[in-house]
Amino acid sequence: MRQFLKYLFTIEKSPRKGLMPYEWVVLAYLLATTAMTLLFQSRLPNAHGMLVGRAHVAAVSIAMWGVYRMLPCGLTRALRATVQLVLLSWWYPDIYELNRIFPNLDHLFASWEQSLFGCQPALLFSQVMNNSVTSELMCLGYACYYPMLAVVAVAILLCRNEAFERVVFVILATFFIHYVVFIALPVTGPQYYYEAVGVDEIAKGVFPNLHDYFSHHQERMACPGYADGVFHNMVDSAHEAGERPVAAFPSSHVAVCVMLMLITLHYRLRRLFWCLLPFAILLFLSTVYIRAHYAIDALAGLASGALCFAAFMAMSKGMEAGGDNRGKGKNKKAMAKKKRS
């Protein structure tokens, strides 16, 4: 703990002047989606609000850069990264505004689901396992998504603080690459598509093309299972407050969860890995149980999460201690010592 407090409050002799790598990720996404907003603003009902929101994100990022420059230490570095992680909650509903300009593709994914499994797992899972215990376990798993992210980030900061910014880079890059896919691939998931078509028609294997239906409708199925459950109400309330008919394929819940679990293994946080594993399994199953995703979305999330971990860890290889200004003094001392010997 003493070493961690020293990391937080020691003033850096050579503070970083420019953007952090994870801030470049945010900037790239911000500029790309801003350009898209300007290009399609005539078709976006909330184009002005989207541009204003992006200006606010930029202003907050600049402010955090200024705070760090005035007081360059581990604490302001950590706050600078934490702000970008918190802003993910703002970026998510924004996807819907851009996604809605493209025709919906749920009919294709529901058809592929039917061809692959011979049924709709998202429809049958909650019906077969419709009891209070299963319902609460599934909803618990789904509700653990952001807490798992917070726990892993805090564990890295406490135990491997030299790797914290690298991990934040991997987390943000994983989120934003999925957001790009969600914009370009308009799939709402069963809770919206089944509601729009009708459960009886879905059960018969009827999967009509709804075109731009979800540009004007956001009705969804209620979360299945034990309606009086604590975690059931938590998930249903969260969906009511912030969910949109968007972001089904691949499942970012599963992908981010896989990426987080691989991070704990990479940094040898084995106790944390084993503690989180049951929740990770529940989360994977819950995405289909609560009808947020088709089964193929969850399976694709396994692959995309592993790919993102491998790709972004490779890209960020030089970002740990010694990869930026914090490590320059150490590197110079090591080189001088080597020359003397």
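Look a little higher up for the structure.
Parameters and conventions
In this numbering scheme, every chain counts its residues from 1 along its sequence in written order. Local features in a predicted model are, by the rule used here, given only for residues with pLDDT of at least 70; side-chain atom pairs are given and counted only at 80 or more, and totals for whole chains, interfaces and linings are based on all residues. The side-chain quantities take in all heavy atoms of the structure and omit both hydrogens and water. Throughout this description, the term salt bridge denotes a Lys or Arg side-chain nitrogen within 4 Å of a carboxyl oxygen of Asp or Glu. Helix numbering and strand numbering both begin at the N terminus, where a helix is a DSSP run of H or I of at least 4 residues and a strand a DSSP run of E of at least 2. Per-residue accessibility, obtained with a 1.4 Å probe over protein chains only, is compared with the maximum for each type, and a residue is labelled buried under 20%, exposed over 50%, and partly exposed between these values. Within this scheme, the nonpolar core is defined by two criteria: the residues are buried Ala, Val, Leu, Ile, Met, Phe, Trp, Tyr or Cys, and they are joined through side-chain atoms within 4.5 Å. Contacts are residue-level and defined by heavy atoms, with any inter-residue pair within 4.5 Å sufficient. Only the six-membered ring of Trp is used, alongside the rings of Phe and Tyr, when aromatic pairs are assigned; centres must lie within 6.5 Å, and planes under 30 degrees apart are stacked while those over 60 apart are edge-to-face, with the rest tilted.

Caption draft 1: Expanded view of the pattern of salt bridges. In the structure shown here, the tally under the stated rule is seven salt bridges. For Glu12, the salt bridge is made with Arg77, and the minimal N-O distance between the two is 2.7 Å. In this pair, Glu12 is assigned in the loop between helix H1 (2–9) and helix H2 (21–39) and Arg77 in helix H4 (residues 74–86), connecting sequence segments 65 residues apart. Residue Glu12 shares its accessibility class with Arg77, and that shared class is buried. What emerges from the salt-bridge pattern is a single network uniting Glu12, Arg77 and Glu165.

Caption draft 2: Broad picture of the nonpolar core. Judged by nonpolar contacts, the single largest core of 94 residues is most densely connected at Trp91, Phe176, Tyr179, Tyr193 and Ile263. Leaving out residues up to four positions away in the same chain, Tyr179 has contacts with Tyr29, Leu88, Trp91, Tyr92 and Ile95.

Caption draft 3: How the structure looks around helix H7 (residues 121–128). Pro121, Ala122, Leu123 and Ser126 are the residues of H7 that are buried. Where the residues of H7 are buried, they touch helix H6 (106–117), helix H11 (190–197), helix H12 (199–203), helix H15 (270–289) and helix H16 (295–315).

Caption draft 4: Quick peek at the environment of His266. One can find His266 in helix H14 (residues 252–266). Taking the relative accessible area as the measure of exposure, His266 reaches 40% and is therefore partly exposed. The sequence separation of His266 and Trp24 amounts to 242 residues, and the corresponding C-alpha distance is 24 Å. Residues within four places of His266 in sequence aside, it is in contact with Arg166, Phe309 and Met313.

Caption draft 5: View of the packing of aromatic side chains. Scanning the entire structure with this criterion turns up 19 aromatic pairs. Judged by centre distance (5.9 Å) and plane angle (85°), the ring pair of Trp91 and Phe176 falls under edge-to-face. In this pair, Trp91 sits in helix H5 (residues 88–99) while Phe176 sits in helix H10 (residues 164–184), placing the two residues 85 residues apart along the sequence. With a relative accessible area of 4%, Phe176 lands in the buried category. Site record: aromatic cluster; members linked through ring pairs are Tyr29, Trp90, Trp91, Tyr92, Tyr145, Tyr146, Phe175, Phe176, Tyr179 and Phe182.

Caption draft 6: Examining unusual backbone geometry more closely. For the bond running from Phe249 to Pro250, omega is -15°, close enough to zero to count as cis. Mapped onto the elements, Pro250 comes out in the loop between helix H13 (230–242) and H14. We note that Arg291 has phi near 70°; this positive angle belongs to a residue other than glycine. Here Arg291 shows up in the loop between H15 and H16.

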